[in-house]
Amino acid sequence: MSETKPVWIARDYAKCSGCRRCEIVCSLSHEGRIWPEASRVRVFMLVPGVEVPHLCAQCHDYPCVEACPAGALSINKETEAVVVDQEKCTACSLCIDACPGKVPYMHPGANYAVICDLCGGKPKCVEACTQGKWNALQILEKDETHTYKLYARTPEEVTRELAVQLYGEKGKEVM
Amino acid sequence: MLGYAGKFLEVDLSNQRMKDVKFGEEILRNYIGGRGLAAKILWDRLGSRWKEVDPLGPENILLLLTGPLTGFVPGARLCVSGKSPQSNGIIGSTVGGEFPVELRCAGYDGIIATGVSEKPVYLFITDSGAEIKDASHLWGKDGKETVKILVKEGREELEKRFPGRGLWKEPAVIYVGPAGESKVRVASVNHKWTHGAGYGGYGGVMGSKKLKAVVAKGTGPFPEVADMNRVSEITDKMLEINFKDNNFRRWGTGYAGYDVGARLSSEPVRNWQDEWHDEKSFGVDRFERLWVKNYWADFGCVTACLKLGVIRDGPLKGAITDNPDYENQAYVGTNLGVFKAEDNIYLMSLLDDLGLCGIQCGNVLGFAAELYQRGILTRNDLDGIDLKWGETRAFAALAKKIAIREGIGDILAEGTYRAALKIKETKGLDVSPYVVVEKGVAIGAHGIRSGEDYPSLESFACSVQGGDHTSVAFVPLDHENSELRAILYDSGVVCWFNFFNEDARPLLWDFFEAITGWKITPEEWFNETARRVLHIQRVALLLGGPDLKWTPKVHDDLPPRWFEPLSKGPYAGRAVDREKFEEARKEYYAEVGWDENGIPTSQELKRLRLDDVDRRLRESLK
């Protein structure tokens, strides 16, 4: 058994530059090529300048895993990340409906859902964000008192708030 | 072909037809993509009747091209081209952002748009192909409104077509504002509210085709490359180098609105009447406090030279733009006598919304203000606008008129050079001494009188892109500032800011090899490949037409103003020396393979197998 404790990816949207290097390294690591739409973290830019990296927050009650009728989703004991069994997944999209942040989505080139697997505890996206010195994504040790579901939010919700935070009143008009 | 998505989308807007077009390895190896390929496509299709083609008419071709390096190399850009309504030649005008990435992920390396649509339309591009959609509801809409509607419409359409896939990211949108719709020659092709391909005036071309926007969402992977691991290694190396030299990351070019004027004396002040100022109120600290984001990057870039400047309170509330960068601090700031960060942000945000290029429109606004200062244009001529230096609201009012070609705006919408001809006609006065333009293209905000800035004597006069400060003629030809190097970046199509550091510069050749598998040597590039593109651009520029034609003896010259001494600042008294300038021009001609009259020699063109270019050039000289 590994001694490493589970981690989670803290996100500070206002610091995201929109460079999308997280998408580049994630897809390279999972797909062997640059493939932004197959990246397990996707940067939404519903409003220019308002970039929202969207990825799994590992809710404590895992509603996606609960909702899967095919038994394709499970929880990795070491990392506590959601693991998709690509053979079992039927792409029924019930996991998406169950997720409060609508985070999972279908792989653009195959018939299964993709969800962040935390790269086995060393997420590439965070490495890229750290390399870029943005620190919009950071690795923190998991804390039992913390409600991770708070981070499972739709990009629309986050954008609406952030647009006003950045642009003031104008932020209400632009989305 | 490694590094390429493999096909180009050709849209015939007159007949609402579309097809895929492919180019063979020989063409791509020789012309790469972006600016190089644009020169090739335009020459092949329009070269035989170049002089007759109206840039704002149905015959012109609008090109939106990526290159094999786009997306792989940090800082993705798109190259916009066609016959330029400013120079009547070919200009490769680039704009950063995610659109070129979406296009490549949808399977296209570029778009070739011909003809004119009867009604306003936009293109909607996905993995399954392209469609022409009605844009009546978007016509007349400004930038922010256009993006808002198209992002919403695009996502709804994608969700409808592919239900159960999950949330759709926004499609990327390239568009024109009201200025492009009005075929304004200083209109840009815009992206992400604040980004624009301004040089060349292609917003007017897109508008003339009634093409309001192109919306793209691709879900495929990037093209196959020769060696992906190597691409990643070179990228890491580049990022490391660029972190050491982080001036752009810290300030963008936006520190220069004060710095270039105060230190280098090469910034346009009140339509270039001065190039020096010491206005502390225009310091970067004043801009910095209006940033809401310290870094705003385009795809893959960690230099992030853009910062988001926003006015959240007060009478100018609601203005949003990217910093502005140096060029726009200068052209819609100091050039208009505007020395307040808030006012500069407001004006730039307005120009973005209207789809006007900050440099090109800023130049014509400054020109108009000087004519007003001199009493040549009256308040009556300006439809009642009191166009005094520094009057932000007055410049805003005039910009709005230009965007819809209303009143005096209709004349100024032609750009400074053509407007001057028109004013000469109506006023019977030669206003050319106040024109700071090179072959129809407003000169970027880097003067050469002080001799302290990067452009040299021949830089603008001999450039095939006129006043474009990102593509200047320079000897030696392989110098970092050289136009032949600009062709490399613009054909790749990537941002040259990530190659500013001299240690990063050689990495471009490595990227080419790792991505395309082609070993392009600097010798080959500077002696052959880039020369071919340069000469085609030069010949197209010399053929010109239909409204203007350039003669090197007359027009490979500098603005009259630059031969007058600087009146203020540490370099007061300095001016361009005509003899030295002519000497530099002569040297450049010889270096690049043009004769003493600035005409590419037959020997040079034939050496590069450009026999048909040579033949048409000789015919036109008869």
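Nothing here was measured: the structure is a model prediction, and the numbers come from that model.

Caption draft 1: How the structure looks around the overall build of chain A. The helix and strand tally for chain A stands at six helices and eight strands. Reading the secondary structure of chain A in the N-to-C direction produces β-α-β-β-α-β-β-α-β-β-α-β-α-α. The globule rule puts the C-alpha radius of gyration for 175 residues at 16 Å, and the 16 Å found for chain A is close to it. Its C-alpha atoms put chain A at 45 × 35 × 35 Å along the principal axes. Sorting the 175 residues of chain A into buried and exposed places 51% on the buried side.

Caption draft 2: Quick look at the overall build of chain B. What chain B contains, in helices and strands, is 23 helices and 17 strands. The C-alpha atoms of chain B give 23 Å as radius of gyration, which agrees with the globular expectation for 622 residues (25 Å, within 12%). Structurally, chain B occupies a C-alpha span of about 60 × 60 × 50 Å along its principal axes. Restricting to contacts in chain B with at least 6 residues of sequence separation, those with at least 24 account for 71%.

Caption draft 3: Examining the sheet that holds strand β9 (residues 172-175) of chain B more closely. Residues and elements named next belong to chain B. Pairing is mixed across the open sheet formed by six strands, whose spatial order is β8-β7-β12-β9-β10-β11. Each of the sheet's edge strands pairs with one partner strand only, and the pair in question is β8 (129-134) and β11 (195-197). Averaged over all pairs of adjacent strands, the angle between their axes in this sheet comes to 20°, without regard to strand direction. As paired elements, strand β7 (residues 121-126) and strand β12 (residues 211-216) share five bridges and run parallel to each other. Its bridge partner being in β12, tyrosine 122 is matched across the sheet by alanine 213.

Caption draft 4: Representation of the nonpolar core in the model. Residues and elements named next belong to chain B. Counting 273 residues, the largest nonpolar core has Ile125, Leu356, Ala368 and Ala399 as its most contacted members. No other element matches the 10 residues that helix α19 (residues 522-543) contributes to this core. Ignoring sequence-local partners within four residues, the contact set of leucine 356 consists of Ala179, Val186, Ala187, Ser188, Leu351, Cys361, Ala399, Ile402 and Ala403.

Caption draft 5: Up close: the pairing of strand β1 (residues 8-12) of chain B. Residues and elements named next belong to chain B. For β1 and strand β6 (residues 110-114), the ladder comprises five bridges, and the chain directions are parallel. Its bridge partner lying in β6, phenylalanine 8 is registered against glycine 110. Relative to strand β2 (residues 17-21), β1 is paired through five bridges, and the arrangement is antiparallel. Bridged to glutamate 10 within β2 is lysine 19. Taken together, β1 and the strand that follows it, β2, pair antiparallel across an intervening segment of four residues, in which glutamine 16 is found at a positive phi of about 55°.

Caption draft 6: Focus on the sheet that holds strand β4 (residues 77-81) of chain B. All names here are of chain B. Across the sheet, six strands lie side by side as β2-β1-β6-β3-β4-β5; this open sheet has mixed pairing. Only two strands of the sheet have a single neighbouring strand rather than two, namely β2 and β5 (93-96). Averaged over neighbouring strand pairs, the angle between their axes works out to 20° when direction is ignored.

Caption draft 7: The arrangement of the packing of helix α12 (residues 341-354) of chain B against helix α14 (residues 392-403) of chain B in detail. Residues and elements named next belong to chain B. With their axes 10 Å apart at the nearest point, α12 and α14 run at an angle of 10° to one another. Relative to α14, the element α12 lies roughly parallel. Touching Asp343, Tyr346, Leu347, Leu350, Leu351 and Leu354 of α12 are Thr392, Phe395, Ala396, Ala399, Lys400 and Ala403, all from α14. Tallied by class, the residues present in the contact of α12 with α14 amount to nine nonpolar, one polar and two charged.

Caption draft 8: Main features of the packing of helix α17 (residues 483-492) of chain B against α19(B). Residue and element names in this part refer to chain B. One way to put it is that α17 packs onto α19 with a least axis distance of 9 Å and a crossing angle of 75°. Viewed along their axes, α17 and α19 adopt a mutual orientation that is roughly perpendicular. Contacts between α17 and α19 involve Glu483, Leu484, Ile487 and Leu488 from the first element and Trp525, Phe526, Ala530, Val533 and Leu534 from the second.

Caption draft 9: Highlighting the environment of Leu306(B). All names here are of chain B. Its place among the elements puts leucine 306 in strand β14 (residues 306-310). For the pair leucine 306 and histidine 191, spaced 115 residues apart in sequence, the C-alpha to C-alpha distance is 14 Å. In this view, leucine 306 contacts Gly252, Trp296, Asp322 and Asn323; residues no more than four positions away in its chain are not counted.

Caption draft 10: Region of the structure containing the interface of chain B and chain A. Opposite the 38 residues of chain B that make contact, chain A presents 37 residues. Put simply, the parts of the chain that give the side of chain B that touches chain A at least two residues each are α3 (99-105), α4 (143-161), α7 (228-244), β13 (291-296) and β14 of chain B. In terms of residue class, the side of chain B that touches chain A is made up of 21 nonpolar, eight polar and nine charged.

Caption draft 11: Focus on unusual backbone geometry. Cis geometry marks the peptide bond from Asn323(B) to Pro324(B), where omega comes out at -10°. Among the secondary structure elements, Pro324(B) is positioned in the loop between β15 (320-322) and α11 (326-331). Located in the positive-phi region is Gln58(A), a residue other than glycine, with phi close to 55°. Locating Gln58(A) in the fold gives a position in the loop between β3 (50-54) and α2 (63-67). Positive phi outside glycine occurs at Ala91(A), with the angle close to 60°. Residue placement: Ala91(A) occurs in the loop between β5 (82-84) and α3 (94-98). Here Ala91(A) falls in the partly exposed class, since 16 other C-beta atoms lie within 10 Å of it.

Caption draft 12: Examining helix α16 (residues 415-427) of chain B more closely. Residues and elements named next belong to chain B. If you check α16, its first and last C-alpha atoms are 17 Å apart, about what 13 residues at 1.5 Å a residue would give, namely 18 Å. Those residues of α16 that are buried are in contact with α13 (358-373), α15 (408-412), β16 (437-438) and β17 (441-442). Once α16 finishes, glycine 428 follows within two positions and takes phi at roughly 65°, a positive value.

Caption draft 13: Summary view of the environment of Gln360(B). Tracing the backbone shows Gln360(B) in helix α13. Sequence separation between Gln360(B) and Leu421(B) is 61 residues, and the spatial gap between their C-alpha atoms is 17 Å.

Caption draft 14: The confidence of the model for chain B, seen in detail. Across chain B, pLDDT averages 97, with 100% of residues at or above 70. Two summary scores accompany this predicted model of the complex, namely pTM at 0.98 and ipTM at 0.97.

Caption draft 15: Main features of helix α18 (residues 507-516) of chain B. Residue and element names in this part refer to chain B. Inspection of α18 places Leu508, Phe511, Phe512, Ala514, Ile515 and Thr516 among the buried residues, and these make up the whole buried set. Along its buried surface, α18 packs onto α7 and α17. Looking one or two residues past α18, glycine 517 carries a phi angle of roughly 85°, positive in sign.

Caption draft 16: Quick peek at the environment of Gln131(A). Along the chain, Gln131(A) falls in helix α4 (residues 124-131). For the pair Gln131(A) and Arg21(A), spaced 110 residues apart in sequence, the C-alpha separation works out to 9.5 Å.

Conventions used here
Residues numbered from 1 in each chain as written. Chains lettered and ligands numbered in written order. Predicted model: local features only at pLDDT ≥ 70, side-chain atom pairs only at ≥ 80, totals over all residues. Helix = DSSP H or I, 4+ residues; strand = E, 2+ residues; numbered from the N terminus. Rg over C-alpha atoms; globule rule 2.2 N^0.38 Å. Buried ≥ 20, exposed ≤ 12 C-beta atoms within 10 Å, placed from the backbone. Contact = placed C-beta atoms within 7 Å. Pairing = 2+ DSSP bridges. Axes fitted to C-alpha atoms, helices over the stretch in contact; angles between N-to-C directions. Core = buried A, V, L, I, M, F, W, Y, C linked by C-beta atoms within 7 Å. Parallel < 35°, antiparallel > 145°, perpendicular 65-115°, else oblique. Nonpolar A, V, L, I, M, F, W, Y, C, P; charged D, E, K, R; others polar. Expected span 1.5 Å × (residues − 1). pLDDT = per-residue confidence, 0-100.

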